[in-house]
Amino acid sequence: MLRGEITTAIRRAVMQELAAVGYGRLSIEAVARRAGVSKTAIYRRWSSKLELVLEIVSAAAGQRFPLPDTGDLHSDLEVLFLLMTRALRHPLAAQIIPDLLAEAARNPQIAQTLERALRTNQRDIGGQVVGRAITRGELAPDTDLDIAVDLIVGPLYWRLAVSRTPVTMEDLPRLATAVAAALEVACQPTVRSKSDVNLTGVTTSAEPGLS
């Protein structure tokens, strides 16, 4: 194989091994065997299993994809949720993501790498959707992108990658409606200051005329 073909074969083998046995049981020997290369070929490119997995998973998690401009926020969200559903339902992703999330709780390097790659990817996707909505006047110009991204990505990611709850195509329009409404509310100016609300969420200032 050519050098580029070897690297591609190794990357593919890593993803397949992660899906099959998880990070804890993954070995350089197994990756080399699946890729049809020698262990030396892997160690020439990566110094350890951790470095190998971090680079490949980071690249996969950070892949960018353009979102078509449908003309309104609700439809943009529907398209995004459809693409996310297909990606998270992929057999490799469905096996790898839960395993790496569990491993991240034990390994700070994996946690930091995943957080950085996923956050960059999510901000890029959210930036496309939110930026268009702001331009159309559907969302306020000072919309907090981090909060918006959490509202956009969180519900579907939770159902598919964490709780593993089935999602049907009929669910996506309803989810888009709920998220669009949440974004509109979240982007409204704050009506009351924090000093007006105690920790239980009950207004503490007295109404005029009441003691």
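Not measured: the values here are computed from a predicted model.

(A) Region of the structure containing the overall build of the protein. Regarding its fold elements, the protein presents nine helices and zero strands. Residues counted as buried form 36% of the 211 residues belonging to the protein. For the protein, the share of sequence-separated contacts (at least 6 apart) that also reach a separation of at least 24 residues comes to 65%. Surface exposure of the protein reaches about 12,300 Å², of which carbon and sulfur atoms provide 56%.

(B) Spotlight on unusual backbone geometry. In this structure, Arg164 takes a positive phi of about 55° despite not being glycine. The residue Arg164 is located in the loop between helix H8 (145-162) and helix H9 (171-186) in this model. Residue Arg164 is classed as partly exposed on the basis of its relative accessible area of 44%.

(C) Representation of the packing of helix H5 (residues 73-89) against helix H7 (residues 108-136). Contact pair H5 / H7: the axes reach a minimum separation of 10 Å and the direction vectors enclose 165°. Judged by the angle between their axes, H5 and H7 are roughly antiparallel. Here H5 and H7 pass one another in a crossing that is right-handed. Here Leu73, Asp76, Leu77 and Leu80 of H5 lie close against H7, whose contacting residues are Ile125, Val129, Arg132, Ala133 and Arg136. Partitioning the contact of H5 with H7 into residue classes produces six nonpolar, no polar and three charged.

(D) Structural detail: the pattern of salt bridges. Using the criterion set out here, one finds twelve salt bridges in the structure. Taking the shortest distance from any N to any O, the salt bridge between Arg136 and Glu138 comes out at 2.8 Å.

(E) Inspection of the packing of aromatic side chains at higher detail. The full count for this structure, using the stated rule, is zero aromatic pairs. The lysine or arginine in question, Lys49, covers the ring of Tyr23, its NZ or CZ lying 4.3 Å from the ring centre.

Thresholds applied
- Residues numbered from 1 in each chain as written.
- Predicted model: local features only at pLDDT ≥ 70, side-chain atom pairs only at ≥ 80, totals over all residues.
- Heavy atoms only, no water.
- Helix = DSSP H or I, 4+ residues; strand = E, 2+ residues; numbered from the N terminus.
- Buried < 20%, exposed > 50% of the residue type's maximum accessible area, 1.4 Å probe, protein only.
- Contact = heavy atoms within 4.5 Å.
- Areas by Shrake-Rupley, 256 points an atom, 1.4 Å probe, with all protein chains shown as cover.
- Axes fitted to C-alpha atoms, helices over the stretch in contact; angles between N-to-C directions.
- Parallel < 35°, antiparallel > 145°, perpendicular 65-115°, else oblique.
- Left-handed = near helix turned anticlockwise from the far one by under 90°.
- Nonpolar A, V, L, I, M, F, W, Y, C, P; charged D, E, K, R; others polar.
- Salt bridge = Lys/Arg side-chain N within 4 Å of Asp/Glu carboxyl O.
- Phe/Tyr/Trp six-rings, centres within 6.5 Å; stacked < 30°, edge-to-face > 60°.
- Lys NZ or Arg CZ within 6 Å of the ring centre and 35° of its normal.

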